[in-house]
Amino acid sequence: MDRLKRLLTVALAATMLAACAAPTAVAPTAAPAATEAGAATTAPEATAAPEAGATLRVGIGAEPETLDPGDAVMVQEQFVLISLFDSLLAMGPDASLHPALALSWEPNAEYSEFTFELRTDVTFHDGTPFNAAAVKASFDHIMSDAVLESGGKTLLQDHQYVETVVVDDDTVTVKFAASYPTFLRDAARQWLSISSPAALEKHGAEYGRNPVGTGPFKFVRWESQTEIVLERNADYAWAPAFAAHQGAAHLGQIVFRILPDAATRLTAIETGEVDVVADPPSLDALALADSGAVSIETFAQPGIPALMMINTEKAPTNDLNVRKAMLLAVNQGELVATAFQSLGMPTYGVLSPTTWSYDEAASSQYRYNLEEAQRLLEEAGWVDTNGDGIREKDGANLTIDYPTSPVWEEAFSELLAGYLQLAGFEVTLRPMDDAGIVAELGAGNYSMMYIYWVRADPSPLRVLFHSENINGGAAYSRFSSPELDAALADGDVQTDETVRLQDYVTAQKIIMDNALVLPMFTVNSVYLITPAVKDFSFDLEGYPWLFDVSLQP
């Protein structure tokens, strides 16, 4: 489980956070549990795409680990998978559900079984017909021993997946042992997209390097540490109704160039080697945008924002006053402005403001107040007796143990430590690699650790804060509360949207009342694009939607 644990630690991301940005996209007005059967909607008439599309060159900072959607877990994988694969459903920018590979859908009363009527006109890139057997093969693959852990496997396992039943060629039923009110939303995610059963069987363990889907682009090749090349699927004719056009994609090819160094990515777009750059350095990105050479596209991602989870079992953060003082000592607005310039948005709660059920009251409990932070520490018995700026109690310094990954936290770790030090904390930063941090998490050897999680729904709160996940799971605050457990457990299975909303409002209040997290900033997708790139947009979770993109001279 090390990979999945580290997934949570680095917040489902493999992108440098030196380019966090303010939102420009419209946030969804709701992300409710699915409560209605779905049906096909009328799509716009097909429009002609260019006969021979141009090649879009995209500079990305990290190489995917796999292009098997059933085995995928990281952001850079989702960016590629969204062009290669389709899911049963599609989710629009306003969080509405639309037909994709399924024309219609019907949950049972308990939301534990979901029946889908499938399209009959879809073919995989390798010529294999899409049908109910392909859905079963894909979900069986996700749940097989061939996939140790993944985003899709976590979704299915956590909701007690039972089986996928082929009713007939065009009808399939997915069964769970418990209510799964958000399954229809999750059925629109790349993690549960559908693979060619013939390709799964043919390539076996190498399928992640030989992906075959039904999406608007086909896989061509993957040169390690160099590039991934996709080409247009000329037969594509099943784009979701909210797409800007129907028919095949406008682009002829997409080339993802793997450029780990941020400065190199910036140079590549300056010199015309790429058309799009992910996660540019903030200052340089702003300067380049001001020159008119590029524009900046940003999207505030929903889910868990960038925050520090605070260990409530280890002294001194086992003291509520100490934890509250940590939250009050940090000036999020100043931290974001310093680290990210104008490309930043501070956050103060355990959910991003763009997430359904976000509670303003819970997120308003703590604002920067150094004097109050110092008062709480003194009330808890922590005083600076020798004038060195570090508070002590019973002969021990007020020390925060901070295992940190320079790869993910370089932009803000020193700034964060500086704020805490002004309040009298001694902050011990321990830079280490992923494996080292995973080991420390397992042993509980930390005062705080960094995380974020991109999700349009608040359901990750159960993974991160239910006491069942303290030992061997991802509840890294190590806090136990029957009331919090009850709210999170009910929110996970509740089919009444009003009750579910209250569950998550309750959970947010308990989490912030007990200062289990130190919120910092909303995590955003940030891209630089050249003037030639037209109709660049994002999906609901902030992944670039390249189907509608075209290039113009």
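First, a word on scope: everything that follows refers to the structure included in this document.

Quick look at the sheet that holds strand β20 (residues 524-529)
- Taken together, the seven strands give an open sheet; going across it, the order is β8-β9-β10-β1-β11-β20-β12, and neighbouring strands pair in mixed fashion. Of all strands in the sheet, those with a lone pairing partner are β8 (217-223) and β12 (295-300), marking the two edges. Across the sheet, the mean angle from the axis of one strand to that of its neighbour is 20°, orientation sign disregarded.
- Of the strand pairs in this sheet, strand β1 (residues 55-60) and strand β11 (residues 276-278) are connected by two bridges, and their pairing is parallel. Along β11, the bridge assignment pairs Val58 with Val276.

Concerning the packing of helix α9 (residues 320-329) against helix α11 (residues 370-379)
- One can describe the packing of α9 onto α11 by two numbers: an axis separation of 8 Å at closest approach and a directional angle of 165°. Accordingly, the angle class assigned to the pair α9 and α11 is roughly antiparallel. Remark: the crossing between α9 and α11 carries left-handed chirality. For the pair α9 and α11, contact is made by Asn321, Val322, Lys324, Ala325, Leu328 and Ala329 and by Leu370, Glu372, Ala373, Leu376, Leu377 and Glu379, respectively.

A closer look at helix α4 (residues 151-158)
- Buried residues dominate α4, accounting for six of its eight residues.
- After α4 finishes, the residue Gln160 shows a positive phi value of roughly 60°.

Here we look at the sheet that holds strand β19 (residues 517-521)
- Taken together, three strands build an open sheet; the order of strands is β18-β13-β19 and the sheet is antiparallel. What marks the edges here is a single partner per strand, and that holds for β18 (448-454) and β19. Pairwise comparison of adjacent strand axes, ignoring direction, gives a mean angle of 30° for this sheet.
- Examined bridge by bridge, strand β13 (residues 303-310) and β19 share four bridges and lie antiparallel to one another. When the sheet's bridge partners are listed, Met308 is paired in β19 with Leu518.

Some details on the nonpolar core
- Membership of the largest hydrophobic core comes to 78 residues, with the highest contact counts inside it found for Leu88, Phe116, Phe139, Phe183 and Phe256.
- Among the elements that make up this core, the one with the highest residue count is helix α2 (residues 75-84) (six residues).
- Counting 72 residues, the second largest nonpolar core, distinct from the first, contains Val330, Val336, Tyr419 and Phe479.

What to know about the pairing of strand β6 (residues 161-168)
- Where β6 lies against strand β7 (residues 171-176), six bridges are found, and the strand directions are antiparallel. Bridging from a neighbouring strand, Val165 pairs with Thr173 of β7.
- Hairpin connection from β6 to β7: two residues lie between these consecutive antiparallel strands.

A word on the packing of aromatic side chains
- Going through the model one piece at a time under the given rule, you end up with 23 aromatic pairs.
- With centroids separated by 4.9 Å and ring planes inclined at 85°, the aromatic side chains of Phe176 and Tyr180 adopt a geometry described as edge-to-face.
- Given the relative accessible area of 0%, Tyr180 is considered buried.
- Each ring, one from Phe242 and one from Trp545, has its centre 6.3 Å from the other, and the planes form 45°; the classification is tilted. Highlighted residues: Phe242 in the loop between β9 (227-232) and β10 (253-258) and Trp545 in strand β23 (residues 544-545), separated in sequence by 303 residues.
- A relative accessible area of 28% places Phe242 in the partly exposed class.
- Feature note: the residues Tyr111, Phe114, Phe116, Tyr161, Phe176, Tyr180 and Phe183 constitute an aromatic cluster, connected by ring pairs.
- Over the ring of Trp222 we find Arg209; its NZ or CZ atom is 3.6 Å from the centre of that ring.
- Lying across the ring of Tyr348, Arg367 places its NZ or CZ 3.6 Å from the centre.

Description of unusual backbone geometry
- Of note, the bond from Ala315 into Pro316 is cis; its omega dihedral lies within 30 degrees of zero at 5°.
- Mapping Pro316 onto the fold places it in the loop between β13 and α9.
- Located in the positive-phi region is Tyr111, a residue other than glycine, with phi close to 55°.
- Counting through the fold element by element, Tyr111 comes out in the loop between β4 (102-107) and β5 (113-118).
- Under the relative-accessibility criterion, Tyr111 is labelled buried at 9%.
- Although it is not a glycine, Arg478 sits at a positive phi angle of roughly 55°.

Section: the side chain of His141
- Relative to the helices and strands, His141 resides in helix α3 (residues 132-143).
- Ignoring any residue separated from it by four or fewer positions in sequence, one finds His141 in contact with Asp68, Val147 and Leu200.

Observations concerning the packing of helix α16 (residues 482-493) against helix α17 (residues 497-513)
- Their axes nearest at 8 Å, the elements α16 and α17 cross at an angle of 145°. Helix-helix and strand crossings are classified by hand; for α16 and α17 the assignment is left-handed. Contacts between α16 and α17 involve Glu483, Leu484, Ala487, Leu488, Asp490, Gly491 and Asp492 from the former and Val499, Arg500, Asp503, Tyr504, Thr506, Ala507, Ile510 and Ile511 from the latter.
- Looking at side-chain class alone, the contact of α16 with α17 contains eight nonpolar, two polar and five charged residues.

The rules we used
The numbering scheme is per chain: residues are counted from 1 as the chain's sequence reads. Only residues with pLDDT of at least 70 are given local features in this predicted model, and only at 80 or more are side-chain atom pairs given and counted; all residues enter the totals for whole chains, interfaces and linings. To obtain the side-chain values, all non-hydrogen atoms of the structure were used and water was disregarded. Strands are treated as partners if at least two bridges between them are detected by DSSP. Helical segments are the DSSP runs of H or I of at least four residues, strand segments are the runs of E of at least two, and each set is numbered from the N terminus. Throughout, an axis means a line fitted to C-alpha atoms (over the contacting stretch in the case of helices), and angles, computed between N-to-C directions, take values from 0 to 180 degrees. Here the angle decides the label: under 35 degrees means roughly parallel, over 145 means roughly antiparallel, 65 to 115 means roughly perpendicular, and every other value means oblique. It is the rotation of the near helix from the far one that decides the hand of a crossing: anticlockwise by less than a right angle makes it left-handed, clockwise makes it right-handed. Contact definition: two residues touch when any of their heavy atoms are within 4.5 Å. Summary of the burial criterion: residues with accessible area below 20% of their type's maximum are buried, those above 50% are exposed, and those between are partly exposed, where the area comes from a 1.4 Å probe applied to protein chains only. Side-chain atoms within 4.5 Å are what join buried Ala, Val, Leu, Ile, Met, Phe, Trp, Tyr and Cys residues into a set we call a nonpolar core. Think of it this way: a Phe, Tyr or Trp ring, Trp meaning its six-membered ring, pairs with another when their centres are within 6.5 Å, and the plane angle makes it stacked under 30 degrees, edge-to-face over 60, tilted otherwise. As a reminder, the over-ring test applies to NZ of lysine and CZ of arginine, requiring each to be within 6 Å of the ring centre and within 35 degrees of the ring normal. Residues are grouped as follows: nonpolar covers Ala, Val, Leu, Ile, Met, Phe, Trp, Tyr, Cys and Pro; charged covers Asp, Glu, Lys and Arg; every other residue, Gly included, is treated as polar.

Without other data, these values stay purely geometric and don't point to any function.
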